[in-house]
Amino acid sequence: MTSSPFASPRFLPRVMALDAASCGATGALQLAAAGPLAALTGLPQALLSGTGVFLLAYALVAAWLARGQGAHPTLIGLVALGNLAWAVGCVALATGGWMTLTGWGVVWLALQAVVVVLLADLQWMGLRATRGAVRLAAA
């Protein structure tokens, strides 16, 4: 019987490490270049800076989870839900008409939405496969 790669004990930590890296890079960029990014995207500088700080803090939590420390399935599930909420927020900002975004602003938000939806999907796949592997081992 072939085991799913999603059930590997290394799969979820790798996904969490990818999540940490992407959030860390995005957060650092938004903090270091909030002014130029605001001019390029039409997003408020305060929003870019504030979410940059949040992303850096989140990256630390995701890196901790990637190390296997407290990587309880419930925590990974909450992270996946958080990623989906981030994607919804990005889409809402891009389409809500609350601010005048440039084309680059729409692209910036769309890229974030796509990345976090993919990460959430990988997290859910890993959780489902892990639960299935636990059930098989218990049988």
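In this text, all values refer to a predicted model and were calculated from it rather than measured experimentally.

Novice: Quick question: what am I supposed to make of the confidence of the model for the protein chain here?
Specialist: Caution is warranted with low-pLDDT regions, since their predicted coordinates should not be read in detail. Averaged over all residues, the pLDDT of the protein chain is 88; the fraction at 70 or higher stands at 86%. Of all secondary-structure elements in the protein chain, the lowest mean pLDDT belongs to helix 5 (residues 103-138), at 84, while helix 2 (residues 34-41) reaches the highest, 98.

Novice: How should the side chain of glutamine 30 be read in this particular structure?
Specialist: Structurally, the position occupied by glutamine 30 is in helix 1 (residues 11-32). A relative accessible area of 2% places glutamine 30 in the buried class. For glutamine 30, the side chain forms a polar contact with the side chain of glutamine 112, separated by 3.3 Å. Not counting the four nearest positions on each side in its chain, glutamine 30 is found in contact with Leu37, Leu48, Ser49, Thr51, Gly52, Leu55, Trp108 and Gln112.

Novice: In this structure, what is going on with the environment of tryptophan 108? I would like to understand it.
Specialist: With respect to the element layout, tryptophan 108 can be found in helix 5. Between the alpha carbons of tryptophan 108 and leucine 37 there is a distance of 9.6 Å; along the sequence they are 71 residues apart. Aside from chain neighbours lying at most four places away, what touches tryptophan 108 is Thr26, Leu29, Gln30, Leu37, Thr41, Leu43 and Leu48. Side chain to side chain, tryptophan 108 and glutamine 30 meet in a polar contact 3.3 Å long.

Rules and cut-offs
All residue numbers here refer to positions counted from 1 along the written sequence of the relevant chain. Residue-level local features of this predicted model are given only where pLDDT is at least 70; pairs of side-chain atoms are given and counted only at 80 or more, and the full residue set underlies all totals for whole chains, interfaces and linings. Excluded from the side-chain calculations are hydrogens and water; all other atoms, namely the structure's heavy atoms, are used. The quantity called pLDDT is the predictor's confidence in a given residue, expressed from 0 to 100. Secondary structure counts use DSSP, requiring at least four H or I residues in a row for a helix and at least two E residues in a row for a strand, with both numbered from the N terminus. For each residue, the accessible area found with a 1.4 Å probe, counting protein chains only, is set against the maximum for its type, and the residue is called buried under 20%, exposed over 50%, and partly exposed in between. Throughout this description, a polar contact denotes any pair of N or O atoms lying within 3.5 Å of each other; where both atoms belong to protein, one of them has to be capable of donating a hydrogen while the other can accept it, and for residues adjacent in sequence the pair is counted only when both atoms sit in side chains. Contacts are assigned to residue pairs that have any heavy atoms within 4.5 Å of one another.

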